[in-house]
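Working through the structure, step by step
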Amino acid sequence: MYLGLGLLYVGAVLVLNGIWLLGHIQDREIWVMNIFTGGLVLAVAFYSAFGPEPDRFSVLAAAQFLLFAFTYLWVGINRFLDVDSRGLGWYCLFVALTAVPIAFTTLTGEGPVWLGLNWAAWAVLWFVYWLLLALGMTRLLRFSGVLTVIIGIITAWIPGYLLLTGALTL
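A brief look at the structure comes next. (Residues numbered from 1 in each chain as written. Predicted model: local features only at pLDDT ≥ 70, side-chain atom pairs only at ≥ 80, totals over all residues. Heavy atoms only, no water.)

What follows concerns the layout of surface pockets. Considering only enclosed or pocket space, the largest pocket measures out at about 770 Å³ in volume. If you list the elements that add at least two residues to the lining of the largest pocket, you get helix 1 (2-21), helix 2 (27-50), helix 3 (56-81), helix 4 (86-110) and helix 5 (113-133). The element contributing the most residues to the lining of the largest pocket is helix 3, with seven residues. Residues of the lining of the largest pocket, tallied by class, amount to 20 nonpolar, eight polar and one charged. (1 Å grid on protein atoms, 1.4 Å probe; cavity = no way out; pocket = protein on both sides within 12 Å on 5 of 7 lines; lining within 4 Å. Points joined across faces, edges and corners; volume = space filled by probe spheres on them. Helix = DSSP H or I, 4+ residues; strand = E, 2+ residues; numbered from the N terminus. Nonpolar A, V, L, I, M, F, W, Y, C, P; charged D, E, K, R; others polar.)

Another point: helix 5. The terminal C-alpha atoms of helix 5 lie 30 Å apart, and with 21 residues this matches the ideal 30 Å at 1.5 Å per residue to within 8%. Across the 21 residues that make up helix 5, a large majority, 15, are buried. (Expected span 1.5 Å × (residues − 1). Buried < 20%, exposed > 50% of the residue type's maximum accessible area, 1.4 Å probe, protein only.)

Right, let's get into the packing of helix 1 against helix 6 (residues 141-165). In contact at an axis separation of 7 Å, helix 1 and helix 6 are set at 160° when each is read in the N-to-C sense. Relative to helix 6, helix 1 is oriented roughly antiparallel. You can see that helix 1 and helix 6 cross each other, and the crossing is left-handed. Split by residue class, the contact of helix 1 with helix 6 holds 18 nonpolar, ten polar and no charged. (Axes fitted to C-alpha atoms, helices over the stretch in contact; angles between N-to-C directions. Parallel < 35°, antiparallel > 145°, perpendicular 65-115°, else oblique. Left-handed = near helix turned anticlockwise from the far one by under 90°.)

Our next topic: unusual backbone geometry. Apart from glycine, the bulk of residues carry a negative phi angle, and the bulk of peptide bonds sit in the trans form. Not every positive phi belongs to a glycine, and aspartate 82 is a case in point at roughly 60°. In this structure, aspartate 82 sits in the loop between helix 3 and helix 4. By relative accessible area, which is 56% here, aspartate 82 ends up exposed. A positive phi angle is found at serine 85, which is not glycine, with a value near 75°. The residue serine 85 is located in the loop between helix 3 and helix 4 in this model.

Structure, rendered in structure tokens:
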């Protein structure tokens, strides 16, 4: 259930961030959704790690949630402070590289195939953010905006909603 909650809002923030990257939302406005989603996912991660009866899987889930939570909190703070986000770009490389083995282990038996494919897509997305933010490849701005919207809808918004309604299971 918590994965569905987190994914629903990850979908919302990814779609909005994609629209922002395409120039349709102001820098000073996008921070609100990023801080909200980062805080929500942070709370879910803390509950997973420190709630009743944590085990290896709940702590692993918390670590994975934190990859997202910290990304959105950092985006929100950067937009609020109006900084260049190069540090965030390097963190995105860390997330991209971490997502690759998560995708692999999920696809090879430790989780549902749809979730493994999501991790693979997120690895690509965070790698694009590294190129855009840390390396300054601004020619990728439009591409990254469109990719963010598509991945937000397919990997987070829809599965999050389906998990919450019970139409999709882990």
